[in-house]
Amino acid sequence: ISSKPGNCVATTIEAMSFGLPVVATQLPGFEEILEKEDLVRPGDVKAFVIAIETLLLSKDIFNKKSCKNLAVSSSFLYEKLHKKRCKYYRSFTKD
C-alpha cells in the first residue's frame, strides 16, 4: 500500500472483496472504509511492519479482519451503489 495521497481506494475495496485483511495509511478514503486500528500514519514504517506482523502472526485477527472486510466491501457492489445513485438523482426530479 502506498503512503502517498492519490492511491486508489478502489484497489483496497477490491482486496477487501476477496476477504483479505488490509493495512493502509491514514488518508482520506481509507479512513472511511477501514477501522482505525488498520490505519497507520503515512511514513511510519515501524507501525506498518507491526500491523502486518500482527496479521501474519495471529490467525484469529487475520480471520476476523478478513470477514469484516468482506462484509464492508459488499456495500460497494455495483447493484447497491446503482440503487443509491438512482434514488439520489430521483430526489431532484420529484415535485
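Residues numbered from 1 in each chain as written. Predicted model: local features only at pLDDT ≥ 70, side-chain atom pairs only at ≥ 80, totals over all residues. Heavy atoms only, no water.

Considering the packing of helix 3 (residues 45-57) against helix 4 (residues 59-73)
Thinking step 1. Where helix 3 contacts helix 4, the two axes come as close as 5 Å, and the packing angle between them is 100°. As judged from the angle between their axes, helix 3 and helix 4 are roughly perpendicular. Every residue of helix 4 that contacts helix 3 at T54, L55 and L57 is listed here: K59, I61, F62 and K65.
Thinking step 2. Its residues placed into classes, the contact of helix 3 with helix 4 shows 4 nonpolar, 1 polar and 2 charged. (Axes fitted to C-alpha atoms, helices over the stretch in contact; angles between N-to-C directions. Helix = DSSP H or I, 4+ residues; strand = E, 2+ residues; numbered from the N terminus. Parallel < 35°, antiparallel > 145°, perpendicular 65-115°, else oblique. Contact = heavy atoms within 4.5 Å. Nonpolar A, V, L, I, M, F, W, Y, C, P; charged D, E, K, R; others polar.)

Comments concerning the side chain of N69
Thinking step 1. Along the chain, the position of N69 falls in helix 4.
Thinking step 2. Not counting the four nearest positions on each side in its chain, N69 is found in contact with M16, L20, P21, V22 and L34.

Notes on the nonpolar core
Thinking step 1. V9, I13, M16, V22, A24, L27, F30, I33, L34 and L39 form the largest nonpolar core, which has 10 residues in total.
Thinking step 2. Put simply, the parts of the chain that give this core at least two residues each are helix 1 (9-17) and helix 2 (30-33).
Thinking step 3. No other element matches helix 1, which puts 3 residues into this core.
Thinking step 4. The residues touching L34, leaving out its near neighbours within four places in the chain, are T12, M16, V22, A24, L39 and N69. (Core = buried A, V, L, I, M, F, W, Y, C linked by side-chain atoms within 4.5 Å. Buried < 20%, exposed > 50% of the residue type's maximum accessible area, 1.4 Å probe, protein only.)

Description of the pattern of salt bridges
Side chains that carry opposite charge are capable of pairing whenever their charged atoms lie near each other.
Thinking step 1. Tallied over the full model, the rule gives 4 salt bridges.
Thinking step 2. For E35, the salt bridge identified is with K68, shortest N-O distance 3.6 Å. A residue pair is termed long-range when its members are at least 10 positions apart, and E35 in the loop between helix 2 and strand 2 (39-40) and K68 in helix 4 qualify at 33 residues.
Thinking step 3. Classification of E35 as partly exposed rests on a relative accessible area of 30%.
Thinking step 4. Notably, a salt bridge pairs K65 with D38, separated by 2.9 Å at the nearest N-O pair. Here K65 is found in helix 4, whereas its partner D38 is found in the loop between helix 2 and strand 2, with 27 residues between them in sequence. Assigned by exposure class, K65 and D38 land together as buried. (Salt bridge = Lys/Arg side-chain N within 4 Å of Asp/Glu carboxyl O.)

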